[in-house]
Amino acid sequence: MIQVYRKIRQQLLTQNKFQKYLMYAIGEVFLVVVGILLALQFNNWSVESTNKTKEKWYLINMVEDIEYQRGDLKYMKEHYEKRVKYSESILRSYKKINNFQNIDSLNEKLNLLMEVDNFPNINNTYQELVSSGQQALITNKELSVSIIDYYLYSEDNYIDIKNNNDNVFYRELHPLFYDLAQIIIIDDELYDDQENLFETDDEVATILKKKLENDEIKIKFLNALKSLILINKLQLEMIDETIEMGRILVQKIDDELGLTPDMVNQID
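Residues numbered from 1 in each chain as written. Predicted model: local features only at pLDDT ≥ 70, side-chain atom pairs only at ≥ 80, totals over all residues. Heavy atoms only, no water.

1. Some words on the pattern of salt bridges
For step 1, the next point in the chain: One pass over the full model with this rule turns up 7 salt bridges.
For step 2, the next point in the chain: In this structure, the salt-bridge partner of Lys220 is Glu216, at a minimum N-O distance of 3.5 Å. With a gap of 4 residues between them, Lys220 and Glu216 both fall in helix 7 (residues 215–257), about one helical turn apart. (Salt bridge = Lys/Arg side-chain N within 4 Å of Asp/Glu carboxyl O. Helix = DSSP H or I, 4+ residues; strand = E, 2+ residues; numbered from the N terminus.)

See below:
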């Protein structure tokens, strides 16, 4: 093609047809410019298409992370609701009979109160997006702000609950519950050949009940139960708020991706 252009140009110059040559030169420049513009446009389209694919990948994986986290939060909520329920049950029983010795299933309840969960901060996809510096891939700015707000709130809850567990529960509450209970092994299959070693002991139960006759222990135990209820209720509020924020955020992402409820069910 270049050789054809050269021949035409040489013919025009030889024939001294300057005006025609000028028009031809302008046309040639125009074609070159158009070619460059088309190449740039194609490149822009290719980059935009790649970014759209990346954006979709990040959003879909974020939804998976959020849904997984919501599942863990719902399990955590059930566990914390049980802890509040058992703590309140112990307090109500104490007010009725004015002692802890005859409270029904006290040892089992104390074993549950000794179990604690950390807030599940599942943010792998979001952290990858941030660390790679590609936040601009989320073109919907309102959605981008909602994503940031959700993960900041989730991170704050993770820190708050971990601090409560480390500085209050494990330092003050757990040691007291531990001193007043016999450990119950839940997974019996691990200890089939040593079953008798892990059974609760009636003599130890009597010793523990005598401990609860001590006025100082009573006060510490009552305060521990009340503290546990207050802390767990605050944490339940955090859990509920995070679950709801996650639900709303997933809906926004589905809307952004153009997913209908039927399509979402098919993906699930």
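2. Overview of the environment of Phe198
For step 1, the next point in the chain: Within the element layout of this structure, Phe198 appears in the loop between helix 5 (141–179) and helix 6 (202–211).
For step 2, the next point in the chain: Along the sequence, Phe198 and Gln182 sit 16 residues apart, while their C-alpha atoms lie 9.6 Å from each other.

3. Examining the environment of Thr53
For step 1, the next point in the chain: Tracing the chain through its elements places Thr53 in helix 2 (residues 18–97).
For step 2, the next point in the chain: Residues Thr53 and Leu137 lie 84 residues apart in sequence; the distance between their C-alpha atoms is 9.5 Å.

4. Let's talk about the side chain of Lys109
For step 1, the next point in the chain: Tracing the backbone shows Lys109 in helix 3 (residues 106–113).
For step 2, the next point in the chain: Buried within the structure, Lys109 lacks any salt-bridge partner; its nearest side chain of opposite charge belongs to Asp104, at an N-O separation of 5.4 Å.
For step 3, the next point in the chain: In this view, Lys109 contacts Tyr86, Ser89, Ile90 and Asp104; residues no more than four positions away in its chain are not counted. (Buried < 20%, exposed > 50% of the residue type's maximum accessible area, 1.4 Å probe, protein only. Lys, Arg positive; Asp, Glu negative; His and termini not counted. Contact = heavy atoms within 4.5 Å.)

5. Notes on unusual backbone geometry
Note: most residues except glycine have negative phi, and most peptide bonds are trans.
For step 1, the next point in the chain: One non-glycine residue, Asn98, lies in positive phi territory at about 60°.
For step 2, the next point in the chain: Residue placement: Asn98 occurs in the loop between helix 2 and helix 3.
For step 3, the next point in the chain: When its relative accessible area of 54% is taken as the criterion, Asn98 is described as exposed.

6. Focus on the packing of aromatic side chains
For step 1, the next point in the chain: Counted by the stated rule, this structure contains 7 aromatic pairs.
For step 2, the next point in the chain: Between the aromatic rings of Tyr150 and Tyr151, the centroid separation amounts to 5.2 Å while the plane-to-plane angle is 85°, which identifies the pairing as edge-to-face. For the pair Tyr150 and Tyr151, one class covers both residues: buried.
For step 3, the next point in the chain: Seen from their ring centres, Phe177 and Phe221 are 6.2 Å apart, and the 80° between their planes marks the pair as edge-to-face. Here Phe177, found in helix 5, pairs with Phe221, found in helix 7; they are 44 residues apart in sequence, far enough to count as distant.
For step 4, the next point in the chain: Judged by relative accessible area, Phe221 falls into the buried class, the value being 0%.
For step 5, the next point in the chain: Through a chain of ring-to-ring contacts, the aromatic side chains of Tyr94, Phe100, Phe177 and Phe221 assemble into a single cluster.
For step 6, the next point in the chain: Over the aromatic face of Tyr80 sits the side chain of Arg83, whose NZ or CZ is 5.2 Å from the ring centroid. (Phe/Tyr/Trp six-rings, centres within 6.5 Å; stacked < 30°, edge-to-face > 60°. Lys NZ or Arg CZ within 6 Å of the ring centre and 35° of its normal.)

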